[in-house]
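The residues making up each chain are set out below.
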Amino acid sequence: MQVQTAARVQVMGIDAGGTMTDTFFVRDDGRFVVGKAQSNPADESLAIFNSSQDALAHWGRDVDEVYPELATCVYSGTAMLNRILSRKGLDVGLICNRGFEQIHSMGRALQSYLGYALEDRIHLNTHRYDEPLVPVSRTRGVTERTDVQGKVVIPLREHEVRQAARELVEAGSQAIVICLLQSHKNETSEQRARDLVKDELQRLGADIPVFASVDYYPSRKESHRMNTTILEAYGAEPSRQTLKKVSDRFKKHGAKFDLRVMATHGGTISWKAKELARTIVSGPIGGVIGSKLLGETLGDENIACSDIGGTSFDVALITKGNFAIKSDPDMARLVLSLPLVAMDSVGAGAGSFVRLDPYSKSIKLGPDSAGYRVGTCWPESGLDTVTVSDCHVVLGYLNPENFLGGAIKLDVQRARDHIKAQIADPLGLSVEDAAAGVIELLDLTLSEYLRANISAKGYNPAEFTCFSYGGAGPVHTYGYTEGVGFKDVVVPAWAAGFSAFGCACADFEYRYDKSVDLGVAQFASDAEKAAACASLQDAWEELAVKVIDEFVINGYKPEDVLLMPGYKMQYMGQLNDLEIVSPVSTAATAADWNQIIEAFENTYGRVYANSARSPELGFSITGAILRGMVVTQKPVLPEDADCGPTPPKEAWLGTRPFYRHKKWVDARLFKMEALKAGNHIVGPAIIESDATTFVVPDGFETRVDKHRLFHLKEVN
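Residues numbered from 1 in each chain as written. Predicted model: local features only at pLDDT ≥ 70, side-chain atom pairs only at ≥ 80, totals over all residues. Heavy atoms only, no water.

> Teacher, can you tell me more about the overall build of the chain here?
For the chain, the count of helices and strands is 17 helices and 35 strands. Against the compact-globule benchmark of 27 Å for 716 residues, the chain has a radius of gyration of 27 Å, which places it among compact chains. Its C-alpha atoms put the chain at 80 × 55 × 55 Å along the principal axes. Each of the 716 residues in the chain was classed as buried or not, and the buried ones make up 59%. Across the chain, every contact between residues at least 6 apart in sequence was considered, and the portion connecting residues at least 24 apart equals 68%. Counting every atom, the chain has about 28,300 Å² of accessible surface; 51% of that belongs to carbon and sulfur. If you average the places of the 75 positive and of the 92 negative side-chain charges in the chain, the two averages end up 2 Å apart. (Helix = DSSP H or I, 4+ residues; strand = E, 2+ residues; numbered from the N terminus. Rg over C-alpha atoms; globule rule 2.2 N^0.38 Å. Buried < 20%, exposed > 50% of the residue type's maximum accessible area, 1.4 Å probe, protein only. Contact = heavy atoms within 4.5 Å. Areas by Shrake-Rupley, 256 points an atom, 1.4 Å probe, with all protein chains shown as cover. Lys, Arg positive; Asp, Glu negative; His and termini not counted. Charge placed at Lys NZ, Arg CZ, Asp CG, Glu CD.)

> What's the story with the sheet that holds strand β33 (residues 693-696) in this structure? I'm lost.
To summarise the sheet geometry, strands pair through backbone hydrogen bonds and adopt either a parallel or an antiparallel arrangement. Spatially, β29-β30-β32-β33 is the arrangement adopted by the 4 strands of the open sheet, whose pairing is mixed. The sheet terminates laterally at β29 (652-660) and β33, the two strands that pair on one side only. Each adjacent strand pair in this sheet contributes to an overall mean axis angle of 25 degrees, direction not counted. Pairing of strand β30 (residues 663-671) with strand β32 (residues 685-688), which is carried by 4 bridges, proceeds in the parallel orientation. The partner of K671 across the bridge, within β32, is E688. The sheet contacts of helix α14 (residues 473-481) involve β29 and β33, and relative to β33 the element is tilted by about 25 degrees. (Pairing = 2+ DSSP bridges. Axes fitted to C-alpha atoms, helices over the stretch in contact; angles between N-to-C directions.)

> Would you mind going over helix α9 (residues 222-252) with me for this structure?
An α-helix turns once every 3.6 residues. As a result, residues three or four positions apart point the same way. Taking 1.5 Å per residue, 31 residues should reach 45 Å; α9 reaches 43 Å between its end C-alpha atoms and fits that length. Where α9 terminates, the next one or two residues include G254, which has phi positive at roughly 95 degrees. (Expected span 1.5 Å × (residues − 1).)

> When you look at the packing of helix α13 (residues 431-455) against α14 in this model, what are you seeing that I'm missing?
The angle between the axes and the distance between the axes are what describe a pair of packed helices. Between α13 and α14, whose axes approach to 8 Å, the crossing angle comes to 65 degrees. The angle between α13 and α14 places the two elements in the roughly perpendicular class. For the pair α13 and α14, the crossing hand works out as right-handed. Along the contact surface, α13 presents I439, L442, D443, L446, S447 and L450, while α14 presents H476, Y478, G479 and Y480. Of the residues contributing to the contact of α13 with α14, the split by class is 6 nonpolar, 3 polar and 1 charged. (Parallel < 35°, antiparallel > 145°, perpendicular 65-115°, else oblique. Left-handed = near helix turned anticlockwise from the far one by under 90°. Nonpolar A, V, L, I, M, F, W, Y, C, P; charged D, E, K, R; others polar.)

> Mind showing me how you'd approach the UniProt feature "domain: Acetophenone carboxylase-like C-terminal" (unreviewed entry) in the chain here?
Those places that UniProt annotates as "domain: Acetophenone carboxylase-like C-terminal" (unreviewed entry) correspond, in this numbering, to residues 524-715. Within the segment residues 524-715, helix and strand shares are 24% and 34% respectively, and the terminal C-alpha atoms sit 59 Å apart. (UniProt positions renumbered as here; feature names shortened; annotations may be inferred.)

> In this structure, what is going on with unusual backbone geometry? I would like to understand it.
Glycine aside, residues mostly have negative phi angles, and peptide bonds mostly take the trans form. In the segment running from G683 into P684, the intervening peptide bond is cis, with an omega of 10 degrees. Mapping P684 onto the fold places it in the loop between β31 (680-682) and β32. You will see that K361, though not glycine, has its phi angle at about 60 degrees, which is positive. Here K361 is to be found in the loop between β21 (352-356) and β22 (363-369).

> Mind showing me how you'd approach the domain arrangement of the chain here?
The accessible area lost on association of the parts is a frequent measure of interface size. By domain assignment, the chain separates into domain 1 (9-83 + 239-279), domain 2 (87-231), domain 3 (301-486), domain 4 (509-628) and domain 5 (649-714). Each of domain 2 and domain 4 was reduced to a C-alpha centroid, and the two centroids are 29 Å apart. Contact residues are listed per partner, giving 7 residues for domain 2 and 8 residues for domain 4. Between domain 2 and domain 4, roughly 640 Å² of surface is buried when both sides are summed, and carbon and sulfur atoms account for 33% of that area. Summed over the three residues of domain 2 that lose the most area to domain 4, namely H184, P218 and R220, the buried surface amounts to 65% of that side. Linking domain 2 with domain 4 are 2 salt bridges. (Domains from an automatic or database assignment. Buried area = accessible area lost by both parts, 1.4 Å probe. Salt bridge = Lys/Arg side-chain N within 4 Å of Asp/Glu carboxyl O.)

> Explanation requested: the pairing of strand β35 (residues 709-714) in the structure shown.
For a regular strand, side chains alternate in direction, first toward one face of the sheet and then toward the other. By the bridge criterion, 4 bridges tie strand β24 (residues 488-492) to β35 in an arrangement that is antiparallel. Paired with V489 across the strands is L712, a residue of β35. In this structure, strand β34 (residues 700-704) lies alongside β35, joined through 5 bridges in antiparallel fashion. When the bridges of β35 are listed, E701 appears paired with K713. The antiparallel hairpin formed by β34 and β35 contains 4 residues in its connecting segment, where R708 sits at a positive phi of about 65 degrees.

> Looking at this structure, how should I read the packing of aromatic side chains?
Each aromatic ring pair is summarised here by two numbers: the centre-to-centre distance and the angle between the ring planes. Evaluated as defined, the whole model comprises 31 aromatic pairs. Geometrically, the ring pair formed by F508 and Y510 is tilted, given 5.9 Å between the ring centres and 45 degrees between the ring planes. Linked through ring pairs, F24, F32, Y469, W494, F498 and F501 together constitute an aromatic cluster. Lying over the aromatic face of W59, R27 brings its terminal NZ or CZ to 4.8 Å of the ring centre. Across from the ring centre of Y512, 5.8 Å away, lies the NZ or CZ of R278, which sits over that ring. (Phe/Tyr/Trp six-rings, centres within 6.5 Å; stacked < 30°, edge-to-face > 60°. Lys NZ or Arg CZ within 6 Å of the ring centre and 35° of its normal.)

> What should I look at first to understand the nonpolar core in this one?
Nonpolar side chains in soluble globular proteins tend to be buried together. The biggest cluster of nonpolar side chains holds 159 residues, and the ones touching the most others in it are F25, F250 and W494. In terms of residues, this core owes the most to one element, α13, which gives 10 residues. Sequence-distant contacts of W494, that is, excluding residues within four places in its chain, are made with F24, F32, V34, L294, F501, L637, H707, R708 and L709. If you look at the next biggest cluster of nonpolar residues, it comprises 38 residues, including Y510, L543, A587 and I596. (Core = buried A, V, L, I, M, F, W, Y, C linked by side-chain atoms within 4.5 Å.)

> What is the right way to look at the pattern of salt bridges in this model?
Pairing of side chains with opposite charge becomes possible as their charged atoms draw close. Following the criterion strictly, the structure yields 40 salt bridges and no others. What emerges from the salt-bridge pattern is a single network uniting R162, R166, D199, E200 and R203.

> Could you clarify how one ought to interpret helix α15 (residues 498-505) in this entry?
Taken across its 8 residues, α15 has 8 buried, putting it largely inside the fold. Within α15 the residues assigned to the buried category are F498, S499, A500, F501, G502, C503, A504 and C505.

> I would appreciate a short explanation of the side chain of Q570 in the present structure.
Here Q570 is to be found in strand β26 (residues 562-571). Under the relative-accessibility criterion, Q570 is labelled buried at 7%. At a separation of 2.6 Å, a polar atom in the side chain of Q570 contacts the main-chain carbonyl oxygen of Q574. Separated by 3.5 Å, the side chain of Q570 and the backbone nitrogen of D577 make a polar contact. Residues contacting Q570, with those up to four places away along its chain left out, are R220, L575, N576, D577, F600, G618, F619, S620 and T622. (Polar contact = N/O pair within 3.5 Å; in protein donor to acceptor, adjacent residues only side chain to side chain.)

Below, the structure is given as structure tokens:
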């Protein structure tokens, strides 16, 4: 192994998934390396340490040398989401309006069928509500009412707030959330209730945090705002302790940087940030950010991002160089008030369990998975249910001696025995045909899902380049892209750590949102337009204070922060708004308003169609957005010299039997890291890395470009 220590390592990205923990290191010359280790739900910091050692070994270095060099580190993971799904958060108390004590338990009707297949959505008897994060026993109502215009019509009864605080402490609350109706229109009652609760807690000597929705998510839609603020207390505060443990381990090895976390809107924030619930889902977001950077490098404006891990298949679309943001997404079967990069997921991945339906004898994939335990092929997994990974091993896709670089040895015969008993014998098939059928079913499911996501939005796959990544992405790329008709199919050499790479590409950015209600007719007067601008500007200035405060906490000066205003707009009377980056830095005049309208209409035409634009309805701004950003170090893609189509001798690993289309063939084996720019490989071939395996079956070919991107192509 060639030891390279001349260049300083500057950037680190982390993707702590449910199955594997990936790390991604970037040197100041732009070169990077990927590491992989099994995830450790009990101690994420240890899995990150092990993954770091795996990565840095490629450069002949270790963490005690490199951590002190790092300028920045970005974390993404699923710990907070898993905590919420498994209902293992803090015991939260809730204060709301009297008479609305059941509002959180009732939720929105759609929460009873979120995540369901169509056949379950259309039948009421299959609907169910999950256990609420806050039970009614820890919910207290207080007298107060603010109307929809923001006028306080029934003043807050302060003695009831103090009594509610006392009762919630006695009930064992570890945090208190305050969410009053219409507080986003007038925050005075909720802020007063917050101050009273804090005062009462101090008097009681109770050291527990208080969360007022208006301080965190001052947006319309009561259930969304309440759920999100409860998440902040229920899931984000315990996750802060997990991140502190990760940060402390970095410090133990000499790190000087402040740990950042990938946020749902595509930027990164400090683990000390007030609004930590914005990091509830972060790993898949990193992949979209990385895809956007690669698209800019390759000159591709339309990209289909596809990420396969052990548990899920995540899809996002980048159109004309931009990804969409959902204003009111759902997560963990809860509707939320968080800006979230628009993604769609299906619960099928390389770790998905494979079972036969006892009645129809059809194969069912997932939705549960083996997680970090891989499958029955790993003798120490403790599993006895077949997974997709077991099928990979039996068919010759994976090298049982080189899984995670040989850290885990897989038992092919054990996987064969389980597939035979559970799938093959009941279906009257050979083990190979049963395993191949599972893979084909998964590939077909993913292919249809990907195709539907593109066509449902009115696009043609021929206009898109598909990026395939994730630990299991390169194994399945050929299967779910075959016949779809993409312009190009790209697999990065660092696909296994691609989400971590995307995290390293993300801006250090805070974002705050606020609901506003501004309606302006198509042919409004200049005075009306200027008045609308003034209201929008007031909201931006209010949000700017919050954004700058977050950066000050992290040691930055206000003058270091670049502020980028935005807004949410829709045609009057429509239900859904669009998020727009403001074309003006300040809004004051009728000319500014005209630019604001023009930016919205251009985006509307791109998202829907130019013919769908309806300016005659008038324009409504529903929200103000302010993002703040500071400059950070980012990775630079490599630019290798073309070494011709023939792979070098050191890349050759021999052959391995490979089963597809009811026959065994000898697939040529190559070492991914040893392949050079310009190399051309025709299938059947398997390109191995310690972190992933890229399958190129017969009927396909691939070439490596100067950026170490593999371009997969079907051969006619």
